Amino acid sequence: MEKFVILPDVSCDLTKEFLEKYNLEYVPGHISLPDGSETFATLEWSPFTREEFYTTIKKNPSAYTTAPASVAEFAEYFEKYVKEGVGVISMSISTGISGTYNFTLKAREEVLAKYPEGKIYCFDSLRYGPGFGLMVMHAAELKEQGKSFEEVVEFLESNKNNYHQMGWLDDLSFVAKKGRLTNAKAFFGTLVGVKPIGEYDFNGLTTVLGKAKGEKQAYKVMLDYIEKTIVNPEEQTIFIAQTQRMKQAEAYKQMIEERFKPKAVYILDVHPFCGINVGPGLMAAYYVGKPISADLAEEKAIINEGLTK
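Just so we're clear, the structure is a prediction, and the values are computed from it rather than from any experiment.

**Thoughts on the packing of aromatic side chains**
Part 1 of the argument: Applying the stated criterion across every chain yields a total of 16 aromatic pairs.
Part 2 of the argument: Ring centres 6.2 Å apart and planes at 45° place the aromatic pair Phe74 and Phe78 in the tilted group. Taken as a pair, Phe74 and Phe78 lie in helix α3 (residues 71-82) at a separation of 4 residues, close to a single helical turn. A single burial state applies to Phe74 and to Phe78, both of which are buried.
Part 3 of the argument: For the ring pair Phe239 and Tyr266, a centre distance of 6.4 Å and an interplane angle of 75° mean the geometry is edge-to-face. In this pair, Phe239 is assigned in strand β10 (residues 237-242) and Tyr266 in strand β11 (residues 264-269), connecting sequence segments 27 residues apart.

**Focus: unusual backbone geometry**
Part 1 of the argument: The omega torsion across Ser46 and Pro47 is 10°, close enough to zero to call that bond cis.
Part 2 of the argument: Take Pro47: it is sitting in the loop between β3 (38-41) and α2 (50-59).
Part 3 of the argument: A positive phi angle, near 60°, is found at Gln244, a position not held by glycine.
Part 4 of the argument: Summarising the element assignment, Gln244 is placed in the loop between β10 and α10 (246-260).
Part 5 of the argument: The backbone of Lys261 shows a phi angle near 50°, a positive value even though the residue is not glycine.
Part 6 of the argument: Relative to the helices and strands, Lys261 is located in the loop between α10 and β11.
Part 7 of the argument: Residue Lys261 is classed as exposed on the basis of its relative accessible area, which comes to 54%.

**Focus: the sheet that holds strand β8 (residues 194-200)**
Backbone hydrogen bonds are what pair the strands of a sheet, in a parallel or an antiparallel way.
Part 1 of the argument: Strand order in the open sheet made by the 6 strands is β9-β8-β7-β12-β10-β11, with mixed pairing throughout. Edge positions in the open sheet fall to β9 (206-213) and β11, since each of these has one partner strand only. Adjacent strand axes in the sheet meet at a mean angle of 20° when their direction is disregarded.
Part 2 of the argument: Note: strand β7 (residues 163-169) against β8, 2 bridges, orientation antiparallel. Paired with Gly167 across the bridge in β8 is Gly198.
Part 3 of the argument: Most of the contacts of helix α12 (residues 297-308) go to β9, to which it runs at about 5°, and overall it touches β7, β8 and β9.

**Some remarks on the layout of surface pockets**
Part 1 of the argument: Space inside the second largest pocket adds up to approximately 330 Å³.
Part 2 of the argument: Lining the second largest pocket we find 17 residues, and of these His138, Phe155, Glu235, Gln236 and Val288 sit closest to its centre.
Part 3 of the argument: Taken together, the elements giving at least two residues each to the lining of the second largest pocket come down to α5 (129-144) and α6 (149-159).
Part 4 of the argument: Ranked by residue count, the leading element in the lining of the second largest pocket is α5, at 4 residues.

**Some details on empty space enclosed by the protein**
Part 1 of the argument: Under the criterion given, the structure shown has 2 cavities of 30 Å³ or more.
Part 2 of the argument: Put simply, the largest cavity is a space of about 40 Å³.
Part 3 of the argument: The wall of the largest cavity is formed by Val221, Asp224, Tyr225, Lys228, Ile302, Glu305, Gly306 and Lys309.
Part 4 of the argument: Taken together, the elements giving at least two residues each to the lining of the largest cavity come down to α9 (215-229) and α12.
Part 5 of the argument: As a volume, the second largest cavity reaches approximately 30 Å³.
Part 6 of the argument: Around the second largest cavity, the lining residues are Asp9, Val10, Val27, Pro28, Gly29, Pro68, Ala69, Phe74, Thr100 and Phe273.
Part 7 of the argument: Here the lining of the second largest cavity is built from residues that sort into 7 nonpolar, 2 polar and 1 charged.

**Some thoughts on the state of the cysteines**
Part 1 of the argument: Inspection of every chain in the model, using the stated rule, returns 0 disulfides.
Part 2 of the argument: Free cysteine Cys122: the closest other cysteine sulfur is in Cys12, separated by 16 Å.
Part 3 of the argument: For Cys274, which is in no disulfide, the shortest distance to another cysteine sulfur is to Cys12 and amounts to 8.7 Å.

**A short note on the packing of α9 against α12**
Part 1 of the argument: The contact between α9 and α12 brings their axes to 9 Å, and the two run at 140°. Relative to α12, α9 is oriented oblique. You can see that α9 and α12 cross each other, and the crossing is right-handed. Two secondary-structure elements touch here, α9 through Gln217, Val221, Tyr225, Lys228 and Thr229 and α12 through Glu299, Ile302, Ile303, Glu305, Gly306 and Leu307.
Part 2 of the argument: Tallied by class, residues from the contact of α9 with α12 come to 5 nonpolar, 3 polar and 3 charged.

Cut-offs used in this document
Each chain carries its own residue numbering, running from 1 in the written order of its sequence. Given that the model is predicted, a residue must reach a pLDDT of at least 70 before its local features are reported, and side-chain atom pairs must reach 80 or more before they are shown or counted; all residues, however, enter totals for whole chains, interfaces and linings. To obtain the side-chain values, all non-hydrogen atoms of the structure were used and water was disregarded. Stacked, tilted and edge-to-face are the three classes assigned to paired rings of Phe, Tyr and Trp, where Trp is represented by its six-membered ring and a pair needs centres within 6.5 Å; plane angles under 30 degrees give stacked, over 60 edge-to-face, the rest tilted. Only DSSP runs of H or I covering at least 4 residues are called helices, and only runs of E covering at least 2 are called strands; the numbering of each starts at the N terminus. The cut-offs for exposure are 20% and 50% of the maximum accessible area for each residue type, with area from a 1.4 Å probe on protein chains only; residues under the lower value are buried, those over the upper are exposed, and the others partly exposed. DSSP-based pairing: two strands are paired if at least 2 bridges between them are found. For helices, the axis comes from a line fit to the C-alpha atoms of the stretch in contact; other axes are also lines fit to C-alpha atoms, and the angle between any two N-to-C directions lies between 0 and 180 degrees. In what follows, residue pairs with any heavy atoms lying within 4.5 Å of each other are defined as contacts. A pocket, in this scheme, is an open set of points on a 1 Å grid over the protein atoms alone with protein on both sides within 12 Å along at least 5 of 7 lines, while a cavity is a set where a 1.4 Å probe fits but cannot get out; residues line either one if an atom lies within 4 Å of a point. Grid points are joined across faces, edges and corners, and a volume is the space filled by probe spheres set on the points. Throughout, the ten residues Ala, Val, Leu, Ile, Met, Phe, Trp, Tyr, Cys and Pro are labelled nonpolar, Asp, Glu, Lys and Arg are labelled charged, and all others, Gly among them, are labelled polar. Cysteine sulfur pairs qualify as disulfides if the two atoms are within 2.5 Å. Note that the term roughly parallel is reserved for angles under 35 degrees, roughly antiparallel for angles over 145, roughly perpendicular for angles of 65 to 115, and oblique for everything else. Note on convention: near helix rotated counterclockwise from far helix by under a right angle means a left-handed crossing. Clockwise means right-handed.

What follows is the structure, given as structure tokens:
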């Protein structure tokens, strides 16, 4: 049987349990700390806790900075496998928000120049965080089922636009400090309890589809949206991401379990590599559904219908 590995980057946000279950390795990134020192960005909360990280960046969004692994670092990971005759399916954070994928392409070129018979495929997930992690998990499951290198690649390329995000990011003040929203709008949103509801778009970014007034309306609109976009929910494992919104995530988990009866629902952290641009206040579910439309017109219509009921 052909030997190959699934090799995501650190932005997949998978837990230690999932990494061990599927025997997955990942490529760490880099993070600069508030004291000016630098360490690897990993899927562990070290040398700080999640609370310390999110409390710090809420006060000072520039306290931490992150960077992907270098071309040389990706090449080192690739070569480790290729020289032993093991193929590599490299999975990267969306090109919509990072240049990581281009680094993997350059690393692939360097390694294959040394090992022309090597097999490396670089995949742009068009996703990040637990949504990307769900995709990695599915690739690992296919590998365990005995699917070939080519079959796993075909699945990923054919289905990446079917991975949905449905949730809110309610701490708009952080996003404003990052230069993505005016402070006035952020203050207004926080003041009245507005919940901006977001979904992945066709290009791998998150787009706000509508704004609910309060958690009660937001939960209803989001659950209705999932119902209209999900495929075979009873066969799925669903991830929920949260950044300092565990109470809301647990409530969302229970609602999803009761309404859709999926195989399992897991709440995952968003680690620093992605969290640096998300900040506190994220609470979202990730699942497989119908293909996302190129202009999000269909998705916006579903949300707008729910908001006007």
